[in-house]
Amino acid sequence: MTRVASAPVSPVADPKDNFDGYDLIVVGAGFFGLTIAERTASQLGKRVLVLDRRPHIGGNAYSEPEPETGIEIHKYGAHLFHTSNKRVWDYVNQFTGFTGYQHRVYGKFDGQVYPLPMNLGLINQFFGKSHTPDEARELIAKQSSEIDTESAANLEEKAISLIGRPLYEAFIKAYTAKQWQTDPTQLDPSIISRLPVRYTFDNRYFNDTYEGLPVDGYTAWLERMAEHELIEVRLETDYFDVRERIPAGTATVYTGPLDRYFDFAAGELGWRTLDFELEVLPVGDFQGTSVMNYNDADAPYTRIHEFRHFHPERSEYPKDKTVIVREYSRFADKPGDEPYYPINTPENREKLTRYRELAKAEAAERNVVFGGRLGTYKYLDMHMAIGSALSVFDNKVAPHLTTGAPLDGSLDA
């Protein structure tokens with residue numbers, strides 16, 4: 001079974017511990033780190049120590065039952081698993097079964113509810129007329145011709161050039177302003193490369209081959225990944241408090257914030273964060289779906305999650321109570337803010353270039369490899385993090401631990 005220690009109550013996680021005897025240190029118990037740990041233990045027979053500053057395993061994918069209702073919630077925002085990568089799908093199915101859940105999102109605007117992403121159903125409902133696929137394409141092409149895509153000077157102009165002004169003003173303008181706390185006319189057009197419109201009634205949010213939610217929840221899945229007898233997990237243990245106790249040269253996979261590792265030598269990288277407002281309501285069903293976007297400017301939140309709808313197969317959920325979580329988006333500018341989304345600006349790209357150079361040097365000098373969303377300053381969905389970890393294991397970690405090959409310090413898998 002997984003050996004999990006919590007620093008305040010267990011001597012196993014005391015900062016004065018001996019860190020000798022481990023073949024690999026993994027910093028961060030999220031999907032990237034646990035994939036590396038599991039492969040290293042199960043495929044190479046090497047001892048792995050996983051460190052995480054949080055009191056639980058799983059990183060942002062951690063889920064837990066809400067105490068009053070027992071409804072499983074995703075503490076750090078809704079996590080929807082989907083992939084077209086068969087290797088990733090086969091790998092994760094070793095640790096969990098998946099439900100048949102298919103993610104569908106709806107959006108509120110001006111007192112109406114519309115299916116998202118933009119599709120033939122939304123177009124017909126919004127414009128109050130039945131359109132064939134070709135008629136809808138012609139309509140959107142005419143409306144979007146107002147602005148040439150290549151000459152768009154800001155996000156608003158770019159969006160209008162892709163879907164036209166009416167759909168932009170209804171479904172993109174206020175929602176984007178809330179997401180970025182910035183008027184879309186002040187945002188760079190590169191933030192959106194495309195705004196897909198489906199000319200069918202298909203409102204399945206993802207187009208991937210495989211999709212579903214873990215039958216027993218994310219935490220159970222992640223705990224199974226760490227169950228190997230050669231893996232030890234120490235929670236509530238900050239790597240920076242103990243790294244001087246780790247024997248020099250011990251191979252390390254670091255998945256924490258890249259700039260923090262180097263003591264912000266090239267400056268702080270910018271992130272956006274999310275705030276969540278949970279409420280238990282005395283009704284059996286609040287909104288009839290798992291996610292409702294709020295596209296009107298007068299709603300301060302971007303969306304509401306109702307977590308009972310992620311697992312409709314769970315008959316044990318109460319019939320007279322439900323859990324909703326309102327989600328707010330803002331810049332991560334307060335102490336303790338969780339970094340969620342990297343901000344792609346020239347300033348941040350310049351800092352990242354410098355950190356890439358430092359990471360290569362760190363691999364050569366101290367056998368440290370950087371990975372995951374925080375460690376590479378890339379937004380990675382769960383399947384992308386797992387796929388990246390499998391590649392890093394194959395191409396970097398395994399060769400180093402088996403043949404002594406130098407670690408590749410690039411931030412790419």
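The rules behind each value
Residues numbered from 1 in each chain as written. Predicted model: local features only at pLDDT ≥ 70, side-chain atom pairs only at ≥ 80, totals over all residues. Heavy atoms only, no water. UniProt positions renumbered as here; feature names shortened; annotations may be inferred. Helix = DSSP H or I, 4+ residues; strand = E, 2+ residues; numbered from the N terminus. Buried < 20%, exposed > 50% of the residue type's maximum accessible area, 1.4 Å probe, protein only. Contact = heavy atoms within 4.5 Å. Salt bridge = Lys/Arg side-chain N within 4 Å of Asp/Glu carboxyl O. Axes fitted to C-alpha atoms, helices over the stretch in contact; angles between N-to-C directions. Nonpolar A, V, L, I, M, F, W, Y, C, P; charged D, E, K, R; others polar. Pairing = 2+ DSSP bridges. Expected span 1.5 Å × (residues − 1). Core = buried A, V, L, I, M, F, W, Y, C linked by side-chain atoms within 4.5 Å. Domains from an automatic or database assignment. Parallel < 35°, antiparallel > 145°, perpendicular 65-115°, else oblique. Left-handed = near helix turned anticlockwise from the far one by under 90°. Polar contact = N/O pair within 3.5 Å; in protein donor to acceptor, adjacent residues only side chain to side chain.

In the nomenclature of an unreviewed UniProt entry, the protein chain is known as UDP-galactopyranose mutase of Actinokineospora bangkokensis. According to UniProt, the comment filed for the protein chain under the heading Catalytic activity (unreviewed entry) is "UDP-alpha-D-galactose = UDP-alpha-D-galactofuranose". In its Subunit (unreviewed entry) section, the UniProt record describing the protein chain reads: "Homotetramer."

**Q** Kindly report on the environment of Ile-160, identifying the contributing residues and their values.
**A** The topology assignment puts Ile-160 in helix 5 (residues 155-163). Judged by relative accessible area, Ile-160 falls into the buried class, the value being 0%. Taking the C-alpha atoms as reference points, Ile-160 and Ser-144, 16 residues apart in sequence, are found 5.7 Å from one another. Among residues more than four places away in sequence, those in contact with Ile-160 are Gln-143, Ser-144, Glu-146, Ile-147, Arg-165 and Tyr-168.

**Q** Tell me about the pattern of salt bridges, and name the residues and values.
**A** Per the counting criterion, the structure on display carries 26 salt bridges. Here Arg-366 ties to Glu-362 by a salt bridge, and the two come within 3.1 Å at their closest N and O atoms. One end of the pair, Arg-366, and the other, Glu-362, are both in helix 11 (residues 346-366), 4 residues apart, so they sit about a helical turn from each other. On the basis of relative accessible area, Arg-366 is assigned to the partly exposed category, the value being 44%. One salt-bridge network, in which partners are shared between bridges, spans Asp-275, Arg-330, Asp-333 and Asp-337.

**Q** Lay out the UniProt feature "domain: UDP-galactopyranose mutase C-terminal" (unreviewed entry) in the protein chain with the relevant residues and their values.
**A** Those residues carrying the UniProt feature "domain: UDP-galactopyranose mutase C-terminal" (unreviewed entry) are residues 170-379 in this numbering. The distance from the first to the last C-alpha atom of residues 170-379 is 27 Å, and the span holds 25% helix and 22% strand.

**Q** Tell me what's going on with the packing of helix 4 (residues 133-144) against helix 5, and back it up with residues and numbers.
**A** Packing of helix 4 against helix 5 leaves a shortest axis separation of 6 Å and a crossing angle of 150 degrees. Along the contact surface, helix 4 presents Ile-140, Gln-143 and Ser-144, while helix 5 presents Ile-160, Ser-161, Leu-162 and Ile-163. Classifying every residue of the contact of helix 4 with helix 5 gives 4 nonpolar, 3 polar and no charged.

**Q** Please set out the pairing of strand 13 (residues 291-294) residue by residue, giving values where relevant.
**A** Here strand 13 shows no split at all, with Val-291 and Asn-293 on one side and Met-292 and Tyr-294 on the other all buried. One ladder, built from 3 bridges, connects strand 13 with strand 14 (residues 303-306); its direction is antiparallel. When the bridges of strand 14 are listed, Met-292 appears paired with Ile-304.

**Q** Any chance you could break down helix 1 (residues 31-44) for me, citing the residues and the numbers?
**A** The terminal C-alpha atoms of helix 1, which comprises 14 residues, lie 19 Å apart, in line with the 20 Å expected from a rise of 1.5 Å per residue. Within helix 1, 11 of the 14 residues are buried, leaving the element largely enclosed by the surrounding structure. What helix 1 keeps buried is the set Phe-31, Phe-32, Gly-33, Leu-34, Thr-35, Ile-36, Ala-37, Glu-38, Arg-39, Thr-40 and Ala-41. Looking one or two residues beyond helix 1, the residue adopting positive phi is Gly-45, at roughly 70 degrees.

**Q** Quick one: what's the story with the nonpolar core, residue by residue and with numbers?
**A** Ile-36, Phe-81 and Trp-221 are the most contacted members of the largest nonpolar core, which totals 106 residues. A domain split of this core shows at least three residues from each of domain 1 (24-100 + 211-267 + 342-403) and domain 2 (118-191). Setting aside residues up to four positions removed in sequence, Ile-36 forms contacts with Leu-24, Val-26, Val-253, Ala-389, Val-392, Phe-393 and Val-397. Residues Met-292, Ala-299, Tyr-301 and Ile-324 belong to the second largest nonpolar core, which totals 7 residues.

**Q** How would you summarise the packing of helix 1 against helix 13 (residues 382-403) if you had to cite specific residues and measurements?
**A** At their nearest, the axes of helix 1 and helix 13 sit 8 Å apart, and the two run at 40 degrees to each other. As the angle between them shows, helix 1 and helix 13 are arranged oblique. As helix 1 packs across helix 13, the resulting crossing turns out to be right-handed. Between helix 1, through Phe-31, Phe-32, Thr-35, Ile-36, Arg-39, Thr-40, Gln-43 and Leu-44, and helix 13, the contact on the second element is made entirely by Met-382, Ala-385, Ile-386, Ser-388, Ala-389, Leu-390, Val-392, Phe-393, Val-397, Ala-398, Leu-401 and Thr-402. Its residues assigned to classes, the contact of helix 1 with helix 13 shows 14 nonpolar, 5 polar and 1 charged.

**Q** Explain the environment of Gln-181 to me, using residue names and the numbers behind them.
**A** Topologically, Gln-181 is positioned in the loop between helix 7 (173-180) and strand 9 (210-212). Linking Gln-181 and Arg-330, residues 149 residues apart in sequence, is a C-alpha distance of 6.3 Å. For Gln-181, the contacting residues outside a window of four places in its chain are Arg-272, Ser-329, Arg-330 and Phe-331. Separated by 2.6 Å, the side chain of Gln-181 and the backbone nitrogen of Phe-331 make a polar contact.

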